[in-house]
Structures are given as structure tokens and as C-alpha cells.
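A structural walkthrough
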Amino acid sequence: MSEAQLKNTGAERSRSLEEIFEQRIANDEKIEPKDWMPEKYRKTHIRQISQHAHSEIVGMLPEGNWITRAPSLRRKVALLAKVQDEAGHGLYLYSACETLGISRDELYEQLHSGKAKYSSIFNYPTVTWADMGAIGWLVDGAAIINQVPLCNTSYGPYARAMIRVCKEESFHQRQGFEIMMSLCNGTEEQKQMAQDALNRWWWPSLMMLGPTDSESVHTEQSMKWKLKRKTNDELRQQFIDQTVPQADILGITVPDPDLKWNEKTGHYDFGEIDWDEFWQVVKGHGPCNKERMNARVGAWKRGTWVRDAAMSYAEKQKIKKENSAKAV
Amino acid sequence: MEKNWPLWEIFVRSKNGLEHRHFGSLHAADAEMALENARDVYTRRSEGVSIWVVESKNITASNPENNGELFEPAQDKIYRHPTFYTLPDEIKHM
């Protein structure tokens, strides 16, 4: 066979592999780590899963701020458990991502160098205790809406990680709502604190569901691969429809003068989102981007000697064991 | 020096009477640490009563490219299933 012919068969072979692959996805079959997959599928998954993992890890920081200052032991153990869950979720997702042939170290390196993104919402500060309520209620609420469809995504390890994450996430939202409820049923000052938190977290929570469909570069391909099962705008509408009645129950006001129930569509109409703010935060100019990265990178660096010590201890123990086995 | 912690696969028995099932993986310096971390990562809500950890590099897996020769031969051996055999309707307990 000539070189041209060989090349040709190579191209044909990968085309047919790709066709078989697309067919499997269309049939709702799952793709597992050692299966053949197009390079773009692998890369897109590494990007999305790692971004998700990074968000869980950075997401611990705004809440960590309040663990030592929680108003009661009940609140403290709940917040501690929630933050621990987030560490766990990050770990499930990092290991799912590693099955695509990228190392944990490379993933951390991408986060620490700023090459990889994480959810923009974690670049906002947590200035009062009510923010713990608003984050659980709104941020975890939006996260759940984003995550539930992912339990069905085409990549097996990601889908399995998401099932575990979703099971654990609903406690997060409920503990947040309970905090909001206590504040709203408390003194006038406490209720104001809850209102203030809603005012600050409402719009960033809407932005968290991603750019609007016409601006989202990845949506179309991701829908095809079932990496995404609903568009950003669909998810956002679902979040608003679900959350506004909950604010009514709390007796606080969603900070959007254009928010109105639309009898005809059966959905809430809502005001314009400030996408300039969103892109500013994504590009690193949010109120806490630097602080978050410094905290994260600092913790990683300060932990180096611990990781090294654990490794050399493990190696020494292994040699010791081997030697004593020889002696017998 | 920075030498990375190896990867471990985690298997959990959710209750006695059931088999250990693959739950996921994690990094740890040694087997003991893998067990302790697996407890924190995979059994925070009483999901398990027993944990196995195996260093990932010790697992040998079949290659999906060989699935044809490995698994297809079983497909045309329908005589290995009870429904292959026809029996009169009046036969009971068989």
C-alpha cells in the first residue's frame, strides 16, 4: 500500500470509530475510561469535570470563613459537615477526571496557575452569617439544578460521581434555607440581614448557571454528547421559577424590579443580567479572586512537607517490612 | 522533592451479605492512609461496613478493543439458558 493509501485507511478507520461512538451516545450507552473516544470528547470532559472539581475545592473557602463564628454548635457541626462534603465532592470529581488520562498534579497546576476556571460565584465575599444561609439556599440550589441532569451524562465515571454528589447536596440547600428562615423569623435586624444577603447573592446565583445560550460556546457540542442535558437559559428559568416562591415564604424580596409571574408562559419574567460583571469576575477581577487563589495556593505549598513526609514514611515502612520478611 | 502519592481503588461493602463494590479512587501515601481516607471520602453517611483498598497499578483490566473475541462467543450459545429448551405446558416445577 502506498503512503497515501495508508493514510486514507487511517482516516476512514477513525471516521468509522467516530460514527460508532456517536451512535453509542445516541443510544444512551455510557462511555467508560478505556473505550475509544474522540480527542475532543476527552478534552471537553477534562475541562468541564476539572472545572467542577476546582469549584468544589475553592467553594470551601467562602464558607470556611464562618465555621469558627457559627452562632451555635448545631450550626457549626452542620457547616463543618457541608464543607467536608465539598472536599469530598472535589475528590470524587478529580478521580473521575483522572480516568481521562490527566494526573492530579496537572489538574492542581492548572488551577493554581489560573489556566483552569472555577465557578465565578466563589469570588464574592461572605460578609455576614446570613451569607451562609444564602449560599446554601441559592448557590447550592443553583448547583443542584445544574447537577441533577448530569447524573445522566454519557461519561460513566462523571455520571457516577454526580449521583453521589447529588445525594449529598440536598442537605446543603436545606441547612441554608433553615438559616434564612431563622433569621427571617427573628428580630427586624436579623430579617434585614437575610434580605441583604439575598440582595447580594441573587444575581451572582443567576450568573452561576452560565452565559446565555447565544453566548455559550460549548453548549451545542455538549448537548450532543449529553455532557449537558439542558441549556443554561433553561436551567436559569427553572431556578427562578423554583426559588421565587421560596423567597415569598421567607417574606423577603428578590432584588429584581422586573420580576413578574407570566400567566401565559407559566414562568417568571425577569430583568436583564449584568453580563459585564459576570465576565469581569470570570476574567479574574471579582472582589475575591486573588484572595481565593492565594488561600488555595498557600495551603498547597504549606502542605508540601507533610505530603513529602508521608511519602518517605510509607517508603521506609515498606523497606522495613520487606527486610523483616527476608529475615524470617 | 515532591513525589506524588499513588492512586488507590476503593471497594466498599455496604452491609454484610453484600459484595464489596467499586466506589471510586483516591490518592494516599500507603495502604493504611488509603483506608483512612476512604473512610472519610466514601463512608461519611454510613455507606459501608468494610473497605478494601488496592493500588490502581495492581489491577489488570481487559481492553475494550478485544471485547469482540472476549465476549461475543457467549452470544450464540443460547443453549446455556433454560429458555432454550421446550417443555410441555403441563410440566410443573422445572
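Residues numbered from 1 in each chain as written. Chains lettered and ligands numbered in written order. Predicted model: local features only at pLDDT ≥ 70, side-chain atom pairs only at ≥ 80, totals over all residues. Heavy atoms only, no water.

Okay, the overall build of chain B next. From N to C terminus, chain B includes two helices and three strands. Along chain B, from the amino end to the carboxyl end, the secondary structure elements read β-β-α-β-α. Taken over the C-alpha trace, chain B has a radius of gyration of 21 Å; the compact-globule value for 94 residues is 12 Å, which it surpasses by more than 25%. Seen through its C-alpha atoms, chain B measures out along the principal axes to roughly 75 × 35 × 15 Å. Within chain B, residue pairs in contact and separated by at least 24 positions form 44% of the contacts whose partners lie at least 6 positions apart. Element-wise, carbon and sulfur atoms account for 53% of the exposed surface of chain B, whose accessible area totals about 7100 Å². (Helix = DSSP H or I, 4+ residues; strand = E, 2+ residues; numbered from the N terminus. Rg over C-alpha atoms; globule rule 2.2 N^0.38 Å. Contact = heavy atoms within 4.5 Å. Areas by Shrake-Rupley, 256 points an atom, 1.4 Å probe, with all protein chains shown as cover.)

So, on to the side chain of serine 95 of chain A. Residues and elements named next belong to chain A. Inspection of the secondary structure puts serine 95 in helix 4 (residues 73-98). With relative accessibility at 5%, the residue serine 95 sits in the buried group. Within the structure, serine 95 has its side chain in polar contact with the backbone oxygen of leucine 91 (distance 2.7 Å). (Buried < 20%, exposed > 50% of the residue type's maximum accessible area, 1.4 Å probe, protein only. Polar contact = N/O pair within 3.5 Å; in protein donor to acceptor, adjacent residues only side chain to side chain.)

All names here are of chain A. Scanning the model with the defined rule gives 17 aromatic pairs over all chains in all. Pairing phenylalanine 21 with tyrosine 41 gives two aromatic rings, centres 4.9 Å apart and planes at 80 degrees, and the pair type is edge-to-face. Residue phenylalanine 21 is found in helix 1 (residues 3-26), and its partner tyrosine 41 is found in helix 2 (residues 39-58); the two are separated by 20 residues along the sequence. A residue is classified by how much of its surface remains accessible, and phenylalanine 21, at 2% relative accessible area, is buried. With a centroid separation of 5.3 Å and 90 degrees between ring planes, the pair formed by tryptophan 275 and phenylalanine 278 is classed as edge-to-face. Placement of both tryptophan 275 and phenylalanine 278 in helix 11 (residues 275-285) is noted, with a separation of three residues, approximately one turn of the helix. For tryptophan 275, a relative accessible area of 18% corresponds to the buried category. Joined through ring pairs, the aromatic side chains of Phe21, Trp36, Tyr41, Tyr155 and Trp225 make up one cluster. A cation sits over an aromatic face here: arginine 69 above tryptophan 66, 4.3 Å from the ring centre. Over the aromatic face of tryptophan 300 sits the side chain of arginine 307, whose NZ or CZ is 3.4 Å from the ring centroid. (Phe/Tyr/Trp six-rings, centres within 6.5 Å; stacked < 30°, edge-to-face > 60°. Lys NZ or Arg CZ within 6 Å of the ring centre and 35° of its normal.)

As a further point, take helix 3 (residues 60-67) of chain A. Inspection of helix 3 of chain A places Met60, Pro62, Glu63, Trp66 and Ile67 of chain A among the buried residues, and these make up the whole buried set. Seen from one end, helix 3 of chain A has its buried residues packed into an arc of 165 degrees, which puts them on one side. (Arc of directions from axis to C-beta.)

Trans peptide bonds make up the majority, and among non-glycine residues the majority have a negative phi. Residues and elements named next belong to chain A. Not every positive phi belongs to a glycine, and aspartate 28 is a case in point at roughly 70 degrees. Examined against the element boundaries, aspartate 28 turns out to sit in the loop between helix 1 and helix 2. Despite not being glycine, lysine 226 has its phi angle at roughly 60 degrees, a positive value.

All names here are of chain A. Interaxial distance between helix 4 and helix 6 (residues 130-147) falls to 12 Å at its minimum, and their mutual angle equals 40 degrees. The orientation of helix 4 with respect to helix 6, classified from their angle, is oblique. Remark: the crossing between helix 4 and helix 6 carries left-handed chirality. Residues Leu79, Lys82 and Glu86 of helix 4 form the contact with helix 6, whose own contacting residues are Met132, Ile135, Gly136 and Asp140. Here the residues of the contact of helix 4 with helix 6 are counted per class, giving three nonpolar, one polar and three charged. (Axes fitted to C-alpha atoms, helices over the stretch in contact; angles between N-to-C directions. Parallel < 35°, antiparallel > 145°, perpendicular 65-115°, else oblique. Left-handed = near helix turned anticlockwise from the far one by under 90°. Nonpolar A, V, L, I, M, F, W, Y, C, P; charged D, E, K, R; others polar.)

It is worth spelling out the interface of chain A and chain B at this point. Chain A puts 25 residues into the contact, and the matching count from chain B is 21 residues. Summing both partners gives a buried area of about 2000 Å² for chain A against chain B, and 49% of it is carried by carbon and sulfur. The interface formed by chain A and chain B contains four salt bridges. For glutamate 168 of chain A, the salt bridge identified is with arginine 45 of chain B, shortest N-O distance 3.4 Å. Inspection of the region where chain A meets chain B yields 10 residue pairs in polar contact (both at pLDDT 80 or more). Only helix 4, helix 5 (104-112), helix 7 (156-184) and helix 13 (304-327) of chain A provide two or more residues apiece to the side of chain A that touches chain B. Looking at the side of chain A that touches chain B, the element that brings in the most residues is helix 13 of chain A, giving nine residues. When grouped by side-chain class, the residues that make up the side of chain A that touches chain B number eight nonpolar, six polar and 11 charged. (Buried area = accessible area lost by both parts, 1.4 Å probe. Salt bridge = Lys/Arg side-chain N within 4 Å of Asp/Glu carboxyl O.)

Residue and element names in this part refer to chain B. Strand order in the open sheet formed by three strands is 2-1-3, with antiparallel pairing between adjacent strands. The sheet is open, and its two edges are formed by strand 2 (20-27) and strand 3 (50-55), each paired on a single side. Taken pair by pair, the neighbouring strands of this sheet meet at an average axis angle of 25 degrees, ignoring direction. Across seven bridges, strand 1 (residues 7-13) lies against strand 2 in antiparallel orientation. Within the sheet, the bridge partner assigned to phenylalanine 11 lies in strand 2 and is histidine 22. Relative to the sheet, helix 1 (residues 31-42) contacts strand 1, strand 2 and strand 3, its axis offset from that of strand 2 by approximately 110 degrees. (Pairing = 2+ DSSP bridges.)

What follows covers the confidence of the model for chain B. Residue and element names in this part refer to chain B. Here chain B shows a mean pLDDT of 94. Residues at 70 or above account for 98%. For chain B, the element scoring lowest by mean pLDDT is helix 2 (residues 67-71), at 93; strand 3 scores highest, at 98. In the model output, the complex is listed with pTM 0.91 alongside ipTM 0.87. (pLDDT = per-residue confidence, 0-100.)

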